[in-house]
Amino acid sequence: MKILIIGMGYVGTTTGAVFAHQGHKVTGLDIDQMKIALLNKGKLYFHEPGLQEMLSSQIKKNNLSFTCDPETAVKDHDIIFITVGTPSLENGKADLSYIRQAAEMIGRYKNKEKLVVVKSTVPIGTTDEMEKWIYEYSNNEASVHTAMNPEFLREGSALNDALHPSRIVLGSESSEALVKLKELYKNSTAPILTTSTKAAEIIKYASNGFLATKISFINEIARLCDTVGVSIKDVAEGMGLDERIGAPFLQAGLGYGGSCFPKDVKELLSTADSLGNPLSILREVEKINRTQPSYFVNKVKRTHPLLKDKKVTLFGLSFKPHTDDIRESVSFAVINQLVAEGAKVYVHDPAVTLSTDWIRKGVTQCWDPYVAVKEADLLLICTDWPQYADLNWVKVKERMNGSYLFDGRNMLDKEKIKQLGFYYEGIGNA
Ligand code: UGA
């Protein structure tokens, strides 16, 4: 099939590369000329394991190309996916301006019947609204079928998630749309669920909301474990063995960040409020997550009430390992508090380059973890990059001034680290 994808963020680019890999002819459209120029050269502008190779090979095979020209792109394609961003506004609601822009492009240039599929995470009712916007901008009678096909891929494992999805949700009131989409996904081994458009929209928010709830739940139990001196790792393992609960997303730590959970939880709360159905569980989920960095810094301050002029090294800036994405990364909430306390902050991350704003605030970036810990009084781990577990911890200890290690992701083996002479604290007595 010939597919147009509007919005070349990590969802759009990954989806495009995977559709091309599956034998479709894909065009990616974006208004950002820099992004398009890079992608056309086969260069990925963000870090996503395996995607670079697939991108280059599909471009070489002529299955994948990129453009900034909406007119030709819309006219040439009958199946259009929308994967633009829906970032949070100040009030927590999703900013739908990019969806509106995409609707305008489609409306303006549609020359015949089109199938428009929303893959972006959008609030309840947005897909129907988008259909109205397309007609508003349209100057001819050609009809549009719309569907909502939420995406469940994770940064850092996006390619694998897109190749092997847990489920494919197709929400639409149009039987023509569903027939075409089932044809598109006919070779997938994942279960296909067809629903109403609004159900598909809610499935995406409720899934992210539920996963965020698991994280805040285990973090709240971790606080209890700290109080009673029990390891949260044991508790999570014991809970996770019950298949009704499941082990994933029970990793206690500094809480969730990224471009999805924080924004989606806030948007769902805000929509539910405006519909007169406040969601009390999710309200607490958000609060626990918001306060988790302070909970961590307070642990640090119990051993070091005065952080002024102490050298604090922080490992990990990305919101999770295997990505250079720092959106809503809790590391920066921790850094902000350390800077406010007057600490001298040194950071290391394998993929992230610190912006000049942070350097101006006095934060120093080191590219070698052993250099970063030189003469440090304290070491804090904020992102669980696996390479930190493989460091030579004897060497780290020798280079540090102090021996205080606070593991905000519970990634190290407490007993082994303590044997090396470290003072070690995780979250939840881990
Ligand atoms: C999340 C969902 O997992 C995807 O299914 C969804 O498609 C995506 O959002 C989206 O809406 O686009 P992502 O934001 O890439 O994916 O990251 P996750 O792997 O879910 O991690 C989110 C945050 O939760 C990270 O900061 C991670 O460190 C934290 N986390 C995760 C925990 O603190 N504990 C856990 O047990 C798991």
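Residues numbered from 1 in each chain as written. Predicted model: local features only at pLDDT ≥ 70, side-chain atom pairs only at ≥ 80, totals over all residues. Heavy atoms only, no water.

### A short note on the side chain of Thr-146
Formally: Under the DSSP-based scheme used, a helix requires at least four consecutive residues in state H or I and a strand at least two consecutive residues in state E, with every element numbered from the N terminus. Residues adjacent in sequence count toward polar contacts only when both atoms are side-chain atoms; beyond that, a polar contact is any pair of N or O atoms within 3.5 Å, and within protein one must be able to donate a hydrogen and the other to accept it. Every residue pair with non-hydrogen atoms within 4.5 Å of one another is taken to be in contact.
Residue placement: Thr-146 occurs in strand E6 (residues 144–148). A polar contact is formed between the side chain of Thr-146 and the side chain of Glu-131, at a distance of 2.6 Å. Setting aside anything within four residues of it in sequence, one finds Thr-146 in contact with Val-116, Thr-127, Met-130, Glu-131, Ser-172, Ser-174 and Ala-177.

### Here's the deal with the domain arrangement of the protein chain
This is how it is decided: These domain limits were set by an automatic method or by a database of domain assignments. Here the quantity called buried area is the accessible surface, traced with a 1.4 Å probe, that two parts lose on coming together, added over both. Within this document, salt bridges are pairs made up of a side-chain nitrogen of Lys or Arg and a carboxyl oxygen of Asp or Glu, the two lying within 4 Å of each other.
Domain boundaries assigned for the protein chain yield domain 1 (2–193) and domain 2 (289–425). The gap between the C-alpha centroids of domain 1 and domain 2 is 38 Å. Listed by partner, the interface residues are six residues for domain 1 and seven residues for domain 2. Buried surface at the junction of domain 1 and domain 2, summed over both partners, amounts to about 520 Å²; 44% is from carbon and sulfur atoms. Of all residues in domain 1, the largest losses of buried area upon contact with domain 2 belong to His-47, Glu-155 and Gly-156, amounting jointly to 83% of the total for that side. Our count for the domain 1 to domain 2 interface comes out at one salt bridge. Put simply, Glu-155 and Arg-327 hold a salt bridge, and the shortest N to O gap is 3.9 Å. Counting the contacts that link domain 1 with domain 2 gives two residue pairs in polar contact (both at pLDDT 80 or more).

### Things to note about the pairing of strand E1 (residues 2–6)
Going by this rule: The buried label applies to any residue whose accessible area, calculated with a 1.4 Å probe on protein chains only, is under 20% of its type's maximum; exposed applies above 50%, and partly exposed to all values in between. Two strands make a pair as long as DSSP finds a minimum of two bridges between them. Look down the strands so they point away from you; if going from the first strand over the helix to the second traces a clockwise path, that crossover is right-handed.
In terms of residue burial, E1 counts as a mostly covered element, since four of its five residues are buried. Note: E1 against strand E2 (residues 25–29), five bridges, orientation parallel. Each bridged residue has a counterpart across the sheet, and for Ile-6 the counterpart in E2 is Leu-29. Chirality of the crossover, the property in question, places the unit of E1, helix H1 (residues 10–21) and E2 among those that are right-handed. With four bridges joining them, E1 and strand E4 (residues 79–82) adopt parallel strand pairing. Within E4, the position partnered with Ile-3 by the bridge is Ile-79.

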